[in-house]
Amino acid sequence: MSDLTPEERRFYADSPTTVLYDIFADTATRLGGKLVALARAARTETEGRQWRQRMYEIEDQKQAVDPDDRDALIARIKGWQAELERLLGQRT
């Protein structure tokens, strides 16, 4: 993946897929926790529903990834990490 730093490229290339899956699952859990906080802090029912819908999407995405597909695991990890970093800048 071209958006990886040399260190990330090396880490992801050298790590077993079981380690990548653990990072994948942990990242999904962290993102889900942030989405729960945002849903609870929502000012309107519509806003809360949108955050909850995103939680369900994350779970669906998690279930759809083959745990042995290194590239898919890395793509989801990087995407979810970016989303989590963006959301951490928001209120809870």
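Residues numbered from 1 in each chain as written. Predicted model: local features only at pLDDT ≥ 70, side-chain atom pairs only at ≥ 80, totals over all residues. Heavy atoms only, no water.

Things to note about helix α3 (residues 45–64)
Every α-helical turn comprises 3.6 residues, leaving residues that sit three or four positions apart pointing alike.
Next up, step 1: Spanning 20 residues, α3 covers 29 Å between terminal C-alpha atoms, matching the ideal 28 Å at 1.5 Å per step.
Next up, step 2: When α3 is considered as a whole, its buried residues turn out to be Glu47, Gly48, Trp51, Arg54, Ile58, Gln61 and Lys62. Down the axis of α3, the buried side of the element spans an arc of 140 degrees, and every buried residue falls inside it. Those residues of α3 that are exposed and angled more than 90 degrees off the buried face are Asp60, Gln63 and Ala64. (Helix = DSSP H or I, 4+ residues; strand = E, 2+ residues; numbered from the N terminus. Expected span 1.5 Å × (residues − 1). Buried < 20%, exposed > 50% of the residue type's maximum accessible area, 1.4 Å probe, protein only. Arc of directions from axis to C-beta.)

Let's talk about the pattern of salt bridges
Here the idea is simple: oppositely charged side chains can pair when their charged atoms come close.
Next up, step 1: Under the criterion given, the structure shown has five salt bridges.
Next up, step 2: Glu45 serves as the salt-bridge partner of Arg52, at 2.7 Å between the closest nitrogen and oxygen.
Next up, step 3: Here Arg52 falls in the partly exposed class, since its relative accessible area comes to 27%.
Next up, step 4: Of the charged contacts in the structure, one is a salt bridge between Glu83 and Arg54, with a shortest N-O distance of 2.7 Å. With Glu83 in helix α4 (residues 70–88) and Arg54 in helix α3, this residue pair connects regions lying 29 residues apart in the sequence.
Next up, step 5: A relative accessible area of 13% places Glu83 in the buried class.
Next up, step 6: Residue class for Arg54 comes out buried when judged on its relative accessible area of 17%.
Next up, step 7: Here the residues in one salt-bridge network are Glu45, Arg49 and Arg52, joined through shared partners. (Salt bridge = Lys/Arg side-chain N within 4 Å of Asp/Glu carboxyl O.)

Notes on the packing of aromatic side chains
Next up, step 1: One pass over the structure, following the stated rule, counts three aromatic pairs.
Next up, step 2: Consider the rings of Phe11 and Tyr12, whose centres lie 5.5 Å apart with planes at 65 degrees: the pair is edge-to-face.
Next up, step 3: Taken together, Tyr21, Phe24 and Trp80 form an aromatic cluster joined through their ring pairs. (Phe/Tyr/Trp six-rings, centres within 6.5 Å; stacked < 30°, edge-to-face > 60°.)

Some details on α4
Next up, step 1: With 19 residues, α4 should reach 27 Å at 1.5 Å per residue; the first-to-last C-alpha distance of 27 Å fits that figure.
Next up, step 2: The complete set of buried residues in α4 reads Leu73, Ile74, Ile77, Lys78, Trp80, Glu83, Leu84 and Leu87.

Some thoughts on the environment of Gln61
Next up, step 1: Its place among the elements puts Gln61 in helix α3.
Next up, step 2: Since its relative accessible area comes to 18%, Gln61 is described here as buried.
Next up, step 3: For Gln61 and Asp71, which are ten residues apart along the polypeptide, the C-alpha to C-alpha distance reads 14 Å.
Next up, step 4: Sequence-distant contacts of Gln61, that is, excluding residues within four places in its chain, are made with Arg54, Arg76 and Trp80.
Next up, step 5: Among the polar contacts listed, one links the side chain of Gln61 to the side chain of Trp80, at a separation of 3.0 Å. (Contact = heavy atoms within 4.5 Å. Polar contact = N/O pair within 3.5 Å; in protein donor to acceptor, adjacent residues only side chain to side chain.)

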